[in-house]
Amino acid sequence: MTVRTVAVLGAGIMGRGIAYASALGGFTTLLQDTSGEALEKAMSEISATLERGVVTGKVPDDAAADAHRRLSGVRRLEEATREADLVIEAVPEDIDLKVDIFSTVDRHAGPQAILASNTSSLSITEMAAATQRPKQVVGMHFFNPVHRMKLLEVVRALETSDDTIATALMVGEKMGKEGVVVRESPGFVTSRINALIGNEAFYMLQEGVANARDIDRALKLGLNHPMGPFELVDLVGLDTRLAILRFLHRTLGEKFRPCPLIEQYVAAGRLGRKTGCGVYEYPENDRNQAGALDRAARAGGLP
Ligand SMILES: NC(=O)c1ccc[n+]([C@@H]2O[C@H](COP(=O)([O-])OP(=O)(O)OC[C@H]3O[C@@H](n4cnc5c(N)ncnc54)[C@H](O)[C@@H]3O)[C@@H](O)[C@H]2O)c1
């Protein structure tokens, strides 16, 4: 199937990154969010990331200008999805919300359109069941920050067709990603491993095994992880990580029981960079996720 227009639903940490990769990959891209503030922030962050790409020589001048032209922000879901060949949902990790959105998108998008979810862990089959086109529903799991991370996990749900998988891989490739196809299973490959490491780090912090900085340093220097588990969870969002852990605990069992300390941080509103405070604190000028990652990479902290 030919994909020309991509709609991205949710303009948070991931939606804005996916919209960036989509516009730069040559697709007409509509980024949608119910929050005007989120949309505004997303559009200015995408511009800043494109500008940094030009300044550092990673994005040619004309490619950045073309990407700008291909991208627009909209508030209404109907407007975003009407003309889309591919819809990528990136709203919060909540199955009821996602099912509701899939059922609405199914009514508004054209019959050929493919519907994808960027969920980190939830069931694509459950989202597909809310539509009349389960063969055209697939998981497209991008990684944070999207403009740097190469992997795209393409998730095959119970009824996903081979054509849909092939289209998801082709779109990913145009966005500069390498695809790995996985069968639907809670947390797929990456979130399942990552949630376990991140949760264990919170247990160690709670038990006083070491302080957060030293746990991060130990994993970076000793295990060659590009980021420490607390630096990473502050980037991902503690609320998102907790939602994943709760789901994995329910579906895969006891080893994923969320550490009480992460529950407590989320209850306190310490959600990570996006709120200015997570495991660490961030001054106002250091909350831009994409910018923070680029600075870390320049300082040699990331691959
Ligand atoms: N944060 C990560 O590192 C990461 C990595 C991979 C996948 N994911 C997955 O991506 C999805 C989004 O996560 P995020 O971190 O970008 O979340 P986020 O909280 O940063 O952003 C979510 C956005 O969705 C918007 N939204 C809420 N309800 C909406 C609706 N009904 N319609 C349109 N927009 C709506 C919110 O206003 C917000 O801007 C989740 O499923 C998450 O598990 C996250």
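Everything quoted here is computed from the prediction, not taken from an experiment.

Conventions used here
Residues numbered from 1 in each chain as written. Predicted model: local features only at pLDDT ≥ 70, side-chain atom pairs only at ≥ 80, totals over all residues. Heavy atoms only, no water. Helix = DSSP H or I, 4+ residues; strand = E, 2+ residues; numbered from the N terminus. Buried < 20%, exposed > 50% of the residue type's maximum accessible area, 1.4 Å probe, protein only. Contact = heavy atoms within 4.5 Å. Domains from an automatic or database assignment. Expected span 1.5 Å × (residues − 1). Polar contact = N/O pair within 3.5 Å; in protein donor to acceptor, adjacent residues only side chain to side chain. Near = heavy atom within 4 Å. Areas by Shrake-Rupley, 256 points an atom, 1.4 Å probe, with all protein chains shown as cover. Nonpolar A, V, L, I, M, F, W, Y, C, P; charged D, E, K, R; others polar. Phe/Tyr/Trp six-rings, centres within 6.5 Å; stacked < 30°, edge-to-face > 60°. Salt bridge = Lys/Arg side-chain N within 4 Å of Asp/Glu carboxyl O.

**Comments concerning the side chain of Thr5**
Now for step 1: Position of Thr5 relative to the elements: it lies in strand β1 (residues 5-9).
Now for step 2: Note on Thr5: relative accessible area 13%, which makes it buried.
Now for step 3: Once you skip the residues sitting within four places of it in the chain, Thr5 turns out to touch Thr28, Leu30, Glu83, Ala84, Asp85 and Leu86.

**A look at the domain arrangement of the chain**
Now for step 1: Along its sequence, the chain is carved into domain 1 (5-183) and domain 2 (191-297).
Now for step 2: For domain 1 and domain 2, the distance between their C-alpha centroids amounts to 25 Å.

**A word on helix α5 (residues 95-108)**
Given 3.6 residues per helical turn, the α-helix brings residues three or four places apart onto the same face.
Now for step 1: In this model α5 runs 20 Å from its N-terminal to its C-terminal C-alpha over 14 residues, within 8% of the 20 Å that 1.5 Å per residue would give.
Now for step 2: Burial in α5 covers these residues: Ile95, Lys98, Ile101, Phe102, Thr104, Val105 and Asp106.
Now for step 3: Contacts from the buried residues of α5 go to β1, α4 (77-81), β4 (86-89), β5 (114-117), α6 (124-128) and β6 (137-141).
Now for step 4: If you check the start of α5, you find a side-chain oxygen 2.9 Å away from the backbone N of Asp96, and it comes from Asp94.

**A word on the site of the ligand**
Now for step 1: Taken together, the neighbourhood of the ligand is formed by 26 residues, with Met14, Asp33, Glu93, Lys98 and Ser120 sitting nearest.
Now for step 2: Within the backbone of Ile13, a nitrogen or oxygen atom sits 3.0 Å from an oxygen atom of the ligand.
Now for step 3: Considered on its own, the ligand offers 830 Å² of accessible surface; in the complex 85% of this is hidden by protein.
Now for step 4: Counting residues per element, the ones that place at least two in the shell around the ligand are α1 (13-24) and α5.
Now for step 5: Here the shell around the ligand takes 3 residues from α5, the largest share from any one element.
Now for step 6: Residue composition of the shell around the ligand, by class: 11 nonpolar, 11 polar and 4 charged.
Now for step 7: Formed jointly, the shell around the ligand draws a minimum of three residues from each of two domains, domain 1 (5-183) and domain 2 (191-297).

**Here's the deal with the packing of aromatic side chains**
Now for step 1: Applying the stated criterion across every chain yields a total of 2 aromatic pairs.
Now for step 2: Taken together, a centroid distance of 5.2 Å and an interplanar angle of 85° make the contact between Phe202 and Phe230 edge-to-face. Residue Phe202 is found in helix α8 (residues 190-207), and its partner Phe230 is found in helix α10 (residues 229-236); the two are separated by 28 residues along the sequence. Each of the two residues, Phe202 as well as Phe230, counts as buried.
Now for step 3: Between Phe202 and Tyr265, the aromatic rings sit 6.0 Å apart at their centres with planes inclined by 85°, giving edge-to-face as the arrangement. Note that Phe202 is positioned in helix α8 and Tyr265 in helix α12 (residues 260-267), a separation of 63 residues in sequence. The exposure classification of Phe202 matches that of Tyr265, with both residues buried.
Now for step 4: Here the aromatic residues Phe202, Phe230 and Tyr265 are joined through ring pairs into a cluster of three or more.

**Focus on the pattern of salt bridges**
Now for step 1: Throughout the structure, instances matching the rule amount to 12 salt bridges.
Now for step 2: We note a salt bridge from Asp106 to Arg133, for which the minimum N-O separation is 2.6 Å. With Asp106 in helix α5 and Arg133 in the loop between α6 and β6, this pair connects stretches of sequence that are 27 residues apart.
Now for step 3: The network of salt bridges with common partners includes Glu89, Glu93 and Lys98.

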